[in-house]
Amino acid sequence: MHVNGVNLHVVQAGPADGPLVILLHGFPEFWYSWHNQIPALANAGYCVWIPDQRGYNLSDKPTGLDAYKIDELAADVIGLIDAAGRDRAYIVGHDWGAAVTWRVANRFPHRVAKAAVLNVPHPYVMGKYIRRSWHQMLRSTYIAYFQIPALPERMLGADNWQPMAAALKRTAPPGLFSDDDIARYRSAWSQPGAMTAMLNWYRAFVQRPASWSPSPRVKPPMMMIWGNADTALEAEMAPLSMELCDDGRLNLLDGVSHWVQHQAPAEVNRLLLEYLAE
């Protein structure tokens, strides 16, 4: 699907005339991140679109950091809403997909019926919090490592992406990602230019920072689902993010990791379906 100057691979499910839900994955996943949520939403009557975001898997991988600035990523989502012939959509994002969801809800509130984010704070909160929290700064050292040109790609891709697979498993409960899951991810990571494009999201975040002028506030309804056993992000940022929402609600899931929609699919599905149906 051609939107905002790029071709995005988009998986679709559910009735074409149902309310549009766009699911946005994060790093280092692709559309498959939502495989536990797609049937539940489609069976509930929603028209579900799940793109490989730019740089990932089968979608285009433009070169240069400017192509991965947060406003370009948000514009891709608006392009999808336009391509569906809709005025508004429900937007749900995890990890980097959540960061994009925050930006879409902030910059294009009239295009968002409701939004939901999983285990990523408002980027404005993240930017401020990391500067005053040594603990969070230490947790985020990988972001600094990703700024190095070329080296992270070579390191992560060694031995058929074994370091990448090991890092994914290390941040999740034992056995959460099956061998079949890892095989799917290895295939996505192996797409030409994919790993550099994926890491360029992090590079653009640091080297092409977004402006939140005139305000970082979010006007559309926003639900946050947060697994409080996240090893990368401190849970304190969740309520701080809700303070920037005109209509926000926070659901904390005890003992659940960053990979919340994988680890607690039934609870995530229940929360999403109840929220969207209100």
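Placed above this text is the structure.
Residues numbered from 1 in each chain as written. Predicted model: local features only at pLDDT ≥ 70, side-chain atom pairs only at ≥ 80, totals over all residues. Heavy atoms only, no water.

## Considerations on the overall build of the protein chain
Of regular secondary structure, the protein chain possesses 13 helices and nine strands. Whereas a compact globule of 278 residues would reach a radius of gyration of roughly 19 Å, the protein chain reaches 17 Å, a difference of no more than 12%. Considering only C-alpha atoms, the protein chain reaches an extent of 45 × 40 × 35 Å along its principal axes. Buried positions account for 55% of the 278 residues belonging to the protein chain. Sequence separation of 24 or more characterises 78% of the internal contacts of the protein chain that already satisfy a separation of 6 or more. Of the roughly 11,300 Å² of accessible surface on the protein chain, a fraction of 55% belongs to carbon and sulfur atoms. Charged side chains in the protein chain number 24 positive and 26 negative. The centres of these two groups are separated by 5 Å. (Helix = DSSP H or I, 4+ residues; strand = E, 2+ residues; numbered from the N terminus. Rg over C-alpha atoms; globule rule 2.2 N^0.38 Å. Buried < 20%, exposed > 50% of the residue type's maximum accessible area, 1.4 Å probe, protein only. Contact = heavy atoms within 4.5 Å. Areas by Shrake-Rupley, 256 points an atom, 1.4 Å probe, with all protein chains shown as cover. Lys, Arg positive; Asp, Glu negative; His and termini not counted. Charge placed at Lys NZ, Arg CZ, Asp CG, Glu CD.)

## Considering the sheet that holds strand β4 (residues 20–24)
Pairing is mixed across the open sheet formed by seven strands, whose spatial order is β3-β5-β4-β6-β7-β8-β9. Unpaired on one side and paired on the other, β3 (10–13) and β9 (248–253) mark the two borders of the sheet. Across the sheet, the mean angle separating the axes of adjacent strands is 15° when strand polarity is ignored. Relative to strand β6 (residues 89–94), β4 runs parallel, the two being bridged by four bridges. Looking at β6, one finds that L23 is bridged to V92. (Pairing = 2+ DSSP bridges. Axes fitted to C-alpha atoms, helices over the stretch in contact; angles between N-to-C directions.)

## Section: the packing of aromatic side chains
Following the criterion strictly, the structure yields 20 aromatic pairs and no others. Relative to Y185, the ring of F30 has its centre 5.7 Å away and its plane inclined at 90°; by these criteria the two rings are edge-to-face. Of this pair, F30 sits in the loop between β4 and α1 (38–43) while Y185 is found in helix α9 (residues 179–189), placing the two residues 155 residues apart along the sequence. With a relative accessible area of 0%, Y185 lands in the buried category. Consider the rings of Y145 and F146, whose centres lie 6.0 Å apart with planes at 45°: the pair is tilted. Overall, F146 belongs to the buried group, its relative accessible area being 6%. Aromatic ring contacts, followed pair by pair, group F27, Y56, W96, Y142, Y145, F146, W201, Y202 and F205 into a single cluster. Positioned above the aromatic ring of W212, the side-chain terminus of R103 is 4.5 Å from the ring centre. The ring of Y275 has K114 lying over it, and the distance from NZ or CZ to the ring centre is 4.9 Å. (Phe/Tyr/Trp six-rings, centres within 6.5 Å; stacked < 30°, edge-to-face > 60°. Lys NZ or Arg CZ within 6 Å of the ring centre and 35° of its normal.)

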